[in-house]
Amino acid sequence: MTFPATATGQATRPFAETLIGDLAAEIAEHGYSLTRQEDALAVALPVGRIEAKVSGNDFEVRIAATDVGKIHEMREALLHLLDHAAPKLSDRLSWRGDLPSGFTQAMHRFKRRMNEERPKIATRKASEMALEEINAVVMETVGGSADLSGSNNTRTSQMQAITAGDYSGRYVHYGIREHGMAAAMNGMALHGGMIPYSGTFLVFSDYCRGALRLAALMGIRVVHVMTHDSIGLGEDGPTHQPVEQLAALRAIPNMLVFRPADAVETAECWQLALQNRAAPSILALSRQALPTLRLDEHDENRSARGAYEIDPASGEARVTIYATGSEVEIAIEARRQLERAGIPTRVVSVPSFELFRRQTAEYRRALIGDTSIKIAVEATVEALRKMILA
């Protein structure tokens with residue numbers, strides 16, 4: 001059995017040219033047998049095989065253990081070699097857990113494109129578009145879905161499926177087994193070297209709950225894409241319409257639950273989920289198309305505050321409407337009608353309760369404001385209203 005783990009990155013041309021030679025010298029010094037070519041080498045160890053290859057400015061290091069139980073030993077052997085032969089590369093290997101330097105820039109570019117194009121798309125589709133950018137630069141991501149890839153939009157162009165005979169892919173077809181999927185993701189995150197994410201419908205989060213709770217207890221980075229997040233999901237009916245699931249997930253300590261309102265917020269929530277190495281994240285995404293509401297062109301991740309004013313009042317606000325996800329569009333339309341009636345109204349988008357609670361008391365007081373009328377809109381049980389009142 002082999003279990004490959006891959007690390008890739010960028011290097012300047014002189015460094016890339018010398019990488020193979022430095023590695024070969026270090027391996028020979030340790031007495032290991034190796035096969036070397038101009039741009040590649042392979043070394044046989046008692047517990048497996050290490051391969052390194054350079055192409056232009058790209059490098060790839062692959063380890064394949066003869067037994068899955070030896071993968072940790074293989075990893076330590078490779079780290080030891082690289083720490084001596086190529087410390088710059090060693091610092092950037094995937095199992096260190098750091099996101100690549102180009103990640104933030106990629107997210108900024110994607111947000112600017114959404115601001116320019118202003119698409120009206122479901123946030124599940126916006127998630128797929130964001131993942132297309134993420135998976136191109138974050139090689140550690142391992143995606144998947146519980147037999148709902150076409151509905152969750154979790155498979156991008158880079159994601160070749162992992163099969164029984166080929167572990168080199170980055171996408172797992174888990175089948176209809178949400179608990180097994182979430183548990184396997186926990187194992188991958190604990191092992192290191194991978195950032196697992198997967199998809200199912202939000203209503204099926206109940207099946208994942210045991211593994212989700214353990215992920216929160218262990219403080220590990222796993223990302224769950226949970227689509228069809230409200231009664232707006234369409235024809236599947238009451239069995240697929242989540243009502244209490246958002247409140248149940250928000251009740252789990254050390255769990256980040258995101259419900260973005262448009263394509264820009266979706267990108268921001270993905271960025272926050274991947275940057276958060278000490279907790280699991282849920283992305284609750286819509287089936288129905290939503291307009292792009294965020295028209296500012298700033299690189300600041302406004303969703304990082306958990307809640308922010310997305311549409312200000314024309315004067316001193318008499319009404320404040322708080323909303324999440326697909327209901328932000330409804331709140332903004334209500335604001336327009338109230339403004340036409342001469343009632344200054346502001347709208348606050350709340351993509352994450354948990355991040356909002358982490359803000360300073362001053363920020364929370366200022367955002368909630370002192371308007372006499374406060375309205376909370378969310379297609380779920382009344383958790384949002386209770387948070388605002390609290």
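Our subject in this report is the structure included herewith. (Residues numbered from 1 in each chain as written. Predicted model: local features only at pLDDT ≥ 70, side-chain atom pairs only at ≥ 80, totals over all residues. Heavy atoms only, no water.)

A word on the pattern of salt bridges. Going through the model one piece at a time under the given rule, you end up with 16 salt bridges. Between Glu128 and Lys125 there is a salt bridge whose closest N-O contact spans 2.8 Å. Taken as a pair, Glu128 and Lys125 lie in helix α5 (residues 123-137) at a separation of three residues, close to a single helical turn. Taking relative accessible area as the criterion, Lys125 reaches 35% and is therefore assigned partly exposed. When salt bridges that share partners are traced, they join Lys111, Glu268, Arg294, Asp296 and Arg302 into one network. (Salt bridge = Lys/Arg side-chain N within 4 Å of Asp/Glu carboxyl O. Helix = DSSP H or I, 4+ residues; strand = E, 2+ residues; numbered from the N terminus. Buried < 20%, exposed > 50% of the residue type's maximum accessible area, 1.4 Å probe, protein only.)

This next bit is on the nonpolar core. In terms of nonpolar packing, the biggest core is built from 30 residues, with Ile134, Val223, Phe258, Trp270, Leu274 and Leu283 touching the most fellow members. Counting residues per element, the ones that place at least two in this core are α4 (103-117), α5, β9 (195-201), β10 (223-227), β11 (256-258) and α10 (263-275). Take this core: its biggest share by element is eight residues, from α10. Beyond its immediate stretch of four places on either side in the chain, Leu274 contacts Leu99, Phe103, Ile134, Ile195, Arg221 and Val223. With 20 residues, the next largest nonpolar core counts Ala261, Ile310, Val319 and Ile368 among its residues. (Core = buried A, V, L, I, M, F, W, Y, C linked by side-chain atoms within 4.5 Å. Contact = heavy atoms within 4.5 Å.)

Attention shifts here to helix α7 (residues 178-191). With 14 residues, α7 ought to run about 20 Å at 1.5 Å a step, and its terminal C-alpha atoms sit 20 Å apart, in line with that. Along α7, the positions that sit buried rather than exposed are Glu178, Met181, Ala182, Met185, Asn186, Met188 and Ala189. End-on view of α7: buried residues confined to an arc of 165°, all on one side of the axis. Check the buried side of α7 and you find it contacts β7 (141-145), β9, α8 (205-218) and β10. (Expected span 1.5 Å × (residues − 1). Arc of directions from axis to C-beta.)

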